[in-house]
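Inside the fold
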Amino acid sequence: MYPQTHFLVPFVLAEILVKLGLFNHKLALIAGVVGVIIDLDHYLHRIIIHHDFSVKSAWNKAILQHDIHGERTFIHHWGGLIVITSILLAFVFFSWHISMALFLGYYSHLFLDGLHIHIKKRWKFKEGGLIFRIPIYEIILDIILVLFALLLNNLSI
Ligand SMILES: [Zn+2]
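Residues numbered from 1 in each chain as written. Predicted model: local features only at pLDDT ≥ 70, side-chain atom pairs only at ≥ 80, totals over all residues.

1. A closer look at the overall build of the protein chain
Looking only at helices and strands, the protein chain features seven helices and two strands. Listing the helices and strands of the protein chain from first to last along the sequence gives α-α-α-α-α-α-β-β-α. At 17 Å, the protein chain has a C-alpha radius of gyration in line with the 15 Å of a compact globule built from 157 residues. Along the three orthogonal principal directions, the C-alpha set of the protein chain runs to about 45 × 40 × 25 Å. Long-range contacts, defined here as pairs at least 24 residues apart, represent 61% of the contacts in the protein chain between residues at least 6 apart. (Helix = DSSP H or I, 4+ residues; strand = E, 2+ residues; numbered from the N terminus. Rg over C-alpha atoms; globule rule 2.2 N^0.38 Å. Contact = placed C-beta atoms within 7 Å.)

Below, the structure is given as structure tokens:
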């Protein structure tokens, strides 16, 4: 999934909690940002393993090799899941709300990465040297999420 989807899913889930009076918008924003920054490990992997500091190169490798799970660090795997879950559980005692925001961001990210939808139709383009191959279903999901977020906040387009 692309960064906008990794942001929108935890953000909208957190906005539902806002609507229920359990969360605030700042925490919803944190959940969304955490959902996106999990993928910084593609960049870290690029630096550590290949000594390549190019963001463009890390992005393109992540897009081209995403289906074979390349270019990721341990936070995308079982070991990281156990470590992060332990940290989040310990953090619950300090702040239930922040822990929940981090939980939404991290777990929604892993869930979305684990989804394998076999619809091959993609919108392919290159912009500023960055390769994009966005699946059409992801674009539709993003539009639905944005509309749902607007609906939750009683905003009109
Ligand atoms: Zn990821």
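2. Here's the deal with helix α6 (residues 96–114)
Its 19 residues give α6 an end-to-end C-alpha distance of 26 Å, which sits within 8% of 27 Å, the value for a rise of 1.5 Å per residue. Among the residues of α6, those classed as buried are Met100, Ala101, Leu102, Leu104, Gly105, Tyr106, Ser108 and His109. In this fold, the buried residues of α6 make contact with α1 (3–19), α2 (25–37) and α5 (78–91). (Expected span 1.5 Å × (residues − 1). Buried ≥ 20, exposed ≤ 12 C-beta atoms within 10 Å, placed from the backbone.)

3. Here's the deal with helix α3 (residues 40–50)
It helps to recall that an α-helix has 3.6 residues per turn; residues three or four apart then point in one direction. By the burial criterion, the buried members of α3 are His42, Tyr43, His45 and Arg46. Mapping the buried residues of α3 onto a view down its axis gives an arc of 160°, with all of them on the same face. The exposed residues of α3 that point more than 90 degrees off its buried face are Leu40, Ile47 and Ile48. On its buried face, α3 sits against α4 (55–65). (Arc of directions from axis to C-beta.)

4. What about the nonpolar core?
In this structure, Phe11, Ala14, Leu27, Ala28, Ala31, Val34 and Ala101 are the most contacted members of the largest nonpolar core, which totals 18 residues. For this core, the leading source of residues is α1, giving six residues. Apart from residues lying up to four places away in sequence, Ala28 is in contact with Phe11, Ala14, Glu15, Val18 and Phe23. (Core = buried A, V, L, I, M, F, W, Y, C linked by C-beta atoms within 7 Å.)

5. A look at the pairing of strand β2 (residues 130–135)
Summarising the sheet, strand β1 (residues 122–127) and β2 pair through six bridges and their orientation is antiparallel. Note that in β2 the partner of Glu127 across the bridge is Leu130. (Pairing = 2+ DSSP bridges.)

6. Some words on the pairing of β1
Of all the six residues making up β1, zero are buried; the element is thus mostly uncovered. Here β1 hands over to β2 after two residues, with Gly128 in that stretch at a positive phi of 60°.

7. Observations regarding the packing of α3 against α4
Look at α3 against α4: their axes get within 9 Å of each other, and the N-to-C directions meet at 115°. Classed by the angle they form, the pair α3 and α4 counts as roughly perpendicular. As for how α3 packs across α4, the hand of that crossing is right-handed. Two secondary-structure elements touch here, α3 through His42, Tyr43 and Arg46 and α4 through Val55, Ser57, Ala58, Lys61 and Ala62. (Axes fitted to C-alpha atoms, helices over the stretch in contact; angles between N-to-C directions. Parallel < 35°, antiparallel > 145°, perpendicular 65-115°, else oblique. Left-handed = near helix turned anticlockwise from the far one by under 90°.)

8. Looking at the packing of α5 against α6
α6 packs onto α5 with a crossing angle of 160° between their chain directions and a minimal axis gap of 9 Å. Regarding the angle of α5 to α6, the classification is roughly antiparallel. You can see that α5 and α6 cross each other, and the crossing is left-handed. The residues of α6 that touch α5, namely those facing Leu81, Ile84, Leu88 and Phe91, are Ile98, Ser99, Leu102, Phe103, Tyr106 and Leu110. Split by residue class, the contact of α5 with α6 holds nine nonpolar, one polar and no charged. (Nonpolar A, V, L, I, M, F, W, Y, C, P; charged D, E, K, R; others polar.)

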